[in-house]
Amino acid sequence: MRHTAPLLVALALVACQGTPEPELSEEIPYDGVDQDGDGEDLVDVDGDGFAGVALGDYPGTWPAGLPTDLVDCDDTDPDVYPGSPLEVPYDGLDTDCGANDDYDVDGDGFVATFNPNTGLPHDPPYAGSLPSGDCNDLDAAVFPGADVVDEPYDGVDMDCDCADEFDVDGDGYMLRTEATEAAFQRYEAAYQCGLTARWGDCDDGAASVHPGAFDTWYDGEDTDCDGADDYDMDGDGYASALYADVYDGSLPVTDCADDLPDVHPDTLEWLGDDVDQDCNGNPDAGAFVTFDMEVEGLRRPNLVRDGNRTVLLWGADRSVQPVVPPLEVFTPVGLATFEGALGRLSQPTVTQFVLGVNAADPRGYGIDLASHPDHEGILGLATSLQRPAANGSDFTYFRLDTLVWNDVSRVYSNGSPALRAISTGAPVRDHEVVVAPDGSVFGIGCSEGGSSVAAMTRSAGYYSRAYAHDDELLPGVACTASLPGEDAYQAVVHVQPADGPLEQWDVTSTGMTEGVVDTAYAGQSFDLVNRDGELLTVYNAATGTTWVEGPGVLETLALSTAVRDAHTVDHNGTLVAALVTEDQDGDGLDDLVLTWGRDAWFERTTLDLGLFEPTGADLVVIDGRLMVAVTAMRPDTGVERVRWMVLGHTL
């Protein structure tokens, strides 16, 4: 150091004398020496504003303007410096000099499972020493084995185990809601666990509850998650009546056989199978449907089949149509037309007719309806009614009409020309009407014949002309008449018309009848059975027992009470009868009894009318179903109604 000053002086003299300046040395960064003579040492090599050496490691004077607390981790690349916005995770470069692993952005010590920016494996591959498996490299609280509660159904995998957090109970099925389905989609998109959604669990807190699990009925648990009511095993919409005391669901608790889907209160009762299909307590009795019309003086109903229509006929002294304002009709003939297949609660289109009545006080006696399979849309209608005459006496009409179906209005209306009415001296108490194969309407009215003998009156068919019917056209018509001098009894006459025009017959006339049945009849009813043209007869034997005697070899049915009305139908050799009988069950009301058989009356059931008692009945077989119609009255109120029931049958 002592020779420094003389050396400098010598150098200065040389310079002044024109000696060349010495060549400067190449700058060495971070050594505190200004080798290149620019006045400062090189500390920021790449010029990005950050020194490549730490302040404590630098031997010289720190350049002004450079941060003293941040060190450039790559002072050869101007894009690499502390806080550089060009940092790209998972590329293997620490562009922002964060001193953290480029594959562990959140610094939780675990490398991301895959590049979350691309959803692909890392490129370049991770070559460091940190464990992999981080499923969310932006959240330091999320890493494999994290000691946190992994909440189900939130779509977040806190411990990165890719466990199915949508299947809490581990039974293989997930609880599906709109929220859980959306969370599952987010979960799979974020973590790519490759889970398969198996929805359908209805209790994700019980491993024994899931689709396909064994379900014990009536324990209140839907173990197999099928959504069925646990108290409706057969799935018919009715819960078992056996569990009415514990059931708290919304279904009617009225199923009497919960293992049979066709057995419940809203199904069709089948006659003759000993199964209570509609759960009313009677295996062979269904529920009646009531037509809500105010009526007085109902006549017994009639049922006929016309093509695909079923027609129910009734008569009454007076009725009020169910319209607003109510329409009163005197001596109406009511038709309820059922189209198509009949169900248990089938509802008809109702039409009413007023036939030849203009008096204020008519009184009807009888009504009958007939059809013919060869003449669809044409019905024969016979009515009898009594009207007061001007001289104070009564006179009676026995009237025949045709009813014709209108495809446009979907109702029956009177045919044209109208058939004539016959005025008789005595009331026509009973009668039959037949539609002949040629479409003519033929009727026999049975009147008392004054004080002499019972008489039968025939009204001709179309165009008010007489019509000759032979045995083939008209196999038989039945009628009842009072026997002369025996007002308390009636005779049943089976008429087999002879050839030729006839207007009136005396029941004692031989040749015009097959004979007058002179047995004393206490009942009021007969019926012509369409099997060999034979009669069902009702009478009292000497013992006082009422017998119902069928055609051929059919045995008699002994009843303990009188039969007031009867009607029969033959179906494939089985005869079915609807009987209005005096009280049999002790409730003080007449009963409606169905009985059936082939060679004997071996089956019988009573149809429940509630507080009503029957006044007349009819029945018809329709497409394998049995329809029963009844006119009924409540004795305590006098209310009269027309009702019907549809039954299946195994006849």
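Coordinates for the structure precede this section.
This section reports on the structure supplied with the text. (Residues numbered from 1 in each chain as written. Predicted model: local features only at pLDDT ≥ 70, side-chain atom pairs only at ≥ 80, totals over all residues. Heavy atoms only, no water.)

1. Describing the overall build of the protein chain
The secondary structure content of the protein chain amounts to two helices and 33 strands. A buried classification covers 47% of the 651 residues belonging to the protein chain. When contacts within the protein chain are restricted to residue pairs at least 6 apart in sequence, long-range pairs at least 24 apart make up 45% of them. As presented, the protein chain carries roughly 30900 Å² of accessible surface, and 52% of it is formed by carbon and sulfur atoms. (Helix = DSSP H or I, 4+ residues; strand = E, 2+ residues; numbered from the N terminus. Buried < 20%, exposed > 50% of the residue type's maximum accessible area, 1.4 Å probe, protein only. Contact = heavy atoms within 4.5 Å. Areas by Shrake-Rupley, 256 points an atom, 1.4 Å probe, with all protein chains shown as cover.)

2. Looking at the pairing of strand 33 (residues 640-649)
Burial within strand 33 is extensive, with 10 of its 10 residues counted as buried. Of the two faces of strand 33, the one carrying Glu640, Val642, Trp644, Val646 and Gly648 and the one carrying Arg641, Arg643, Met645, Leu647 and His649 are both buried. In the sheet, strand 3 (residues 270-271) pairs with strand 33 via two bridges, with the strands oriented parallel. Bridged to Leu271 within strand 33 is His649. Looking at chain direction, strand 4 (residues 289-296) and strand 33 are connected through four bridges and run antiparallel. Bridge pairing in strand 33 places Phe291 opposite Val642. Bridge count for strand 32 (residues 625-633) against strand 33 is nine bridges, and the pairing is antiparallel. (Pairing = 2+ DSSP bridges.)

3. Brief notes about the environment of Asn414
Tracing the backbone through its elements, the reader meets Asn414 in strand 14 (residues 411-414). Judged by its relative accessible area of 38%, Asn414 is partly exposed. In this structure the C-alpha to C-alpha distance between Asn414 and Leu381, which are 33 residues apart in sequence, comes to 9.7 Å.

4. Quick notes on the nonpolar core
Ranked by size, the top nonpolar core spans 22 residues in total, and within it Phe288, Leu592, Leu594, Leu607, Leu619, Leu626 and Val628 carry the most contacts. If you list the elements that add at least two residues to this core, you get strand 28 (574-581), strand 29 (591-597), strand 31 (613-622), strand 32 and strand 33. Looking at this core element by element, the count peaks at four residues for strand 32. Once residues within four sequence positions are removed from consideration, Leu592 is found in contact with Phe288, Leu579, Val580, Thr605, Thr606, Leu607, Leu609, Pro614, Ala617, Val628 and Val630. (Core = buried A, V, L, I, M, F, W, Y, C linked by side-chain atoms within 4.5 Å.)

5. Some words on the state of the cysteines
According to the stated counting rule, one finds five disulfides in the structure shown. The partner cysteine of Cys202 in its disulfide is Cys225, sulfur to sulfur 2.1 Å. Between Cys202 and Cys225, the S-S torsion sits near -75°, and that sign places the bridge as left-handed. Separated by 23 residues along the polypeptide, Cys202 in the loop between helix 2 (178-191) and strand 3 and Cys225 in the loop between helix 2 and strand 3 bring together distant segments of the chain. A relative accessible area of 39% places Cys202 in the partly exposed class. In this model, Cys256 is linked to Cys279 through a disulfide, with the two sulfur atoms separated by 2.1 Å. An S-S torsion of about -80° defines the bridge between Cys256 and Cys279 as left-handed. Remark: Cys279 occurs in the loop between strand 3 and strand 4 and Cys256 occurs in the loop between helix 2 and strand 3; sequence separation between them is 23 residues. On the basis of relative accessible area, Cys279 is assigned to the buried category, the value being 19%. Taken in sequence order, the bonded cysteines of the protein chain link in the pattern 1-2, 3-4, 5-6, 7-8, 9-10. (Disulfide = S-S within 2.5 Å.)

6. Some words on helix 2
End to end, helix 2 covers 20 Å across 14 residues, agreeing with the expected 20 Å (1.5 Å per residue, within 8%). If you check which residues of helix 2 are buried, you get Thr180, Ala183, Phe184, Tyr187, Glu188 and Tyr191. In a view along the axis of helix 2, the buried residues occupy a sector of 135°, so they form one face of it. Exposed residues lying more than 90 degrees from the buried face of helix 2 are Glu178, Gln185 and Ala189. Positive backbone phi, approximately 50°, marks Gln192, located one or two places after helix 2. (Expected span 1.5 Å × (residues − 1). Arc of directions from axis to C-beta.)

7. So, the packing of aromatic side chains
Scanning the model with the defined rule gives 16 aromatic pairs in all. Look at Phe50 and Tyr81: their rings are 5.5 Å apart centre to centre, the planes differ by 5°, and that puts the pair in the stacked class. Of this pair, Phe50 sits in the loop between helix 1 (4-16) and strand 1 (111-112) while Tyr81 is found in the loop between helix 1 and strand 1, placing the two residues 31 residues apart along the sequence. One exposure class covers both Phe50 and Tyr81, and it is buried. Summarising the aromatic geometry, the rings of Tyr58 and Trp62 are spaced 5.8 Å apart at their centres and angled 85° between planes, so their arrangement reads as edge-to-face. On the basis of relative accessible area, Tyr58 is assigned to the buried category, the value being 8%. Between Arg198 and the ring centre of Tyr173, over which it is positioned, the NZ or CZ distance is 4.4 Å. Over the ring of Trp405 we find Arg309; its NZ or CZ atom is 4.2 Å from the centre of that ring. (Phe/Tyr/Trp six-rings, centres within 6.5 Å; stacked < 30°, edge-to-face > 60°. Lys NZ or Arg CZ within 6 Å of the ring centre and 35° of its normal.)

Geometric descriptors of this kind do not, in isolation, establish any biological role.
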